[in-house]
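Architecture at a glance
In case you want the letters, here they are:
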Amino acid sequence: MIGFQYVKPSKPKAAIETVAKDQTAMFIAGGTNLVDLMKRRVMNPEKLVDINKLPLRKIERENNNVRIGALALNGAVAEDKLVLEKHPLLSQALNAGASAQLRNMATVGGNMMQRVRCPYFYDTAMPCNKREPGTGCSAIGGYNRMHAIFGHSDKCIAVNPSDMNVALVALDATVLVSGPKGDRKIPFVEFHRLPGDTPQIHTNLQQGELIMAVDVPENPYTKNVNYLKVRDRNSYAFALVSVAAALDLDGSNIKSARLAMGGVAHKPWRLNEAEQFLAGKPANEATFRQAAEIAMRGAKAFEHNKFKLTLGPNTIVQALKNASGVA
Ligand SMILES: Cc1cc2nc3c(=O)[nH]c(=O)nc-3n(C[C@H](O)[C@H](O)[C@H](O)COP(=O)(O)OP(=O)(O)OC[C@H]3O[C@@H](n4cnc5c(N)ncnc54)[C@H](O)[C@@H]3O)c2cc1C
Ligand code: SF4
């Protein structure tokens, strides 16, 4: 038996205060990641603050944003009329994640915060700098097929496992947070961290800060979009590589583009240089191939994930083809 206290406040302030003053307390939403980690003794919170009574489930239009409450369920967001109309890329990414059952339990805030799926992180018998700082990284010399090719450090080479995060970084989302020191907004691109020397810190959220909502600004990417996820099976499998591609087209010319990758880095990986290259170019395979080459600059693979150096650019090209309708 694992002993822990359980509270279920009905006001955000009470939830925030409880977690802010107790380092051993954690929020729990859908529980689909945290309960797993507790069962395996990877995480051992002494107090669980269940946030399901808080009024954070709404999906609404707010100041040219689609504002999605932190407790909105992944399945509900994917099927929401406003999201489908304004941000079909986000809907596609959410629908590519997990299974229908999980999507109906998992929340947007929890998805954003889910921990890495590195097998050594889950195995408490193995060294892991993320789980226990200073013990070493078992993946670097171990089985690293699922691991990063960008932004890794000699301390950790794990990837962020979320599909939703890839779409949100491409769409310039902002995370709305409330904490013991007040409210703040975090650009999505700054929400997750690279591992550096502190892989145990996976986001820039402070103790006690609660994700209230995410704002996704309105943009021209409502039609020519594609979230392409390459995985070992069609369901219940995390991305080997995924690509979120969005194009604003003027006939067959690209006015502007948004591009991000998943399964390749410790954070959702935005491809700014490739986006800049695409702007003003014709939408064709040659352009997409050049953009993919630019996107892959600086990639460094390990023993078992070298295939990502080929799979990555091919997935980018295919996602751009799917988004633009170029055969
Ligand atoms: C078999 C399986 C397959 C999966 N496949 C995929 C996949 O293909 N793609 C994918 O993207 N995901 C996948 N997932 C992960 C799943 O999407 C996440 O487990 C889920 O999104 C987490 O949401 P939750 O509400 O259950 O979070 P919880 O487990 O409740 O919480 C997770 C973390 O978030 C924190 N947290 C939750 N809400 C907040 C908040 N509002 N503010 C601050 N912190 C908060 C918690 O403290 C905890 O640390 C899979 C999961 C399983 C079990
Ligand atoms: S890659 Fe990161 S999570 Fe995996 S063993 Fe190394 S330190 Fe731990």
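Residues numbered from 1 in each chain as written. Chains lettered and ligands numbered in written order. Predicted model: local features only at pLDDT ≥ 70, side-chain atom pairs only at ≥ 80, totals over all residues. Heavy atoms only, no water.

1. Comments concerning helix α1 (residues 12-20)
Within α1 the residues assigned to the buried category are Pro12, Ala15, Ile16, Thr18 and Val19. Down the axis of α1, the sector holding all buried residues measures 165 degrees, keeping them to one side. Those residues of α1 that are buried lie in contact with β1 (5-7), β2 (25-28), β3 (47-50), β6 (174-179) and β8 (210-217). (Buried < 20%, exposed > 50% of the residue type's maximum accessible area, 1.4 Å probe, protein only. Helix = DSSP H or I, 4+ residues; strand = E, 2+ residues; numbered from the N terminus. Arc of directions from axis to C-beta. Contact = heavy atoms within 4.5 Å.)

2. Things to note about the site of ligand 1
Near ligand 1 you find 34 residues, and of these Phe27, Gly31, Thr32, Thr107 and Asp163 are the closest. A distance of 2.5 Å separates an oxygen atom of ligand 1 from a polar backbone atom of Phe27. Interatomic distance of 2.7 Å between a side-chain N/O atom of Thr32 and an oxygen atom of ligand 1. Elements with a minimum of two residues in the shell around ligand 1: β2, α7 (108-113) and β8. Among the elements that make up the shell around ligand 1, the one with the highest residue count is α7 (four residues). Counted by class, the shell around ligand 1 contains 18 nonpolar, twelve polar and four charged residues. Each of domain 1 (5-52) and domain 2 (224-324) accounts for three or more of the residues forming the shell around ligand 1. (Near = heavy atom within 4 Å. Polar contact = N/O pair within 3.5 Å; in protein donor to acceptor, adjacent residues only side chain to side chain. Nonpolar A, V, L, I, M, F, W, Y, C, P; charged D, E, K, R; others polar. Domains from an automatic or database assignment.)

3. Comments concerning the environment of Ile316
Mapped onto the secondary structure, Ile316 falls in helix α13 (residues 308-324). Given a relative accessible area of 0%, Ile316 falls into the buried group. Taking the C-alpha atoms as reference points, Ile316 and Ala173, separated by 143 residues in sequence, lie 21 Å from one another. Sequence-distant contacts of Ile316, that is, excluding residues within four places in its chain, are made with Val243, Leu259, Met261, Leu271, Ala292 and Ala295.

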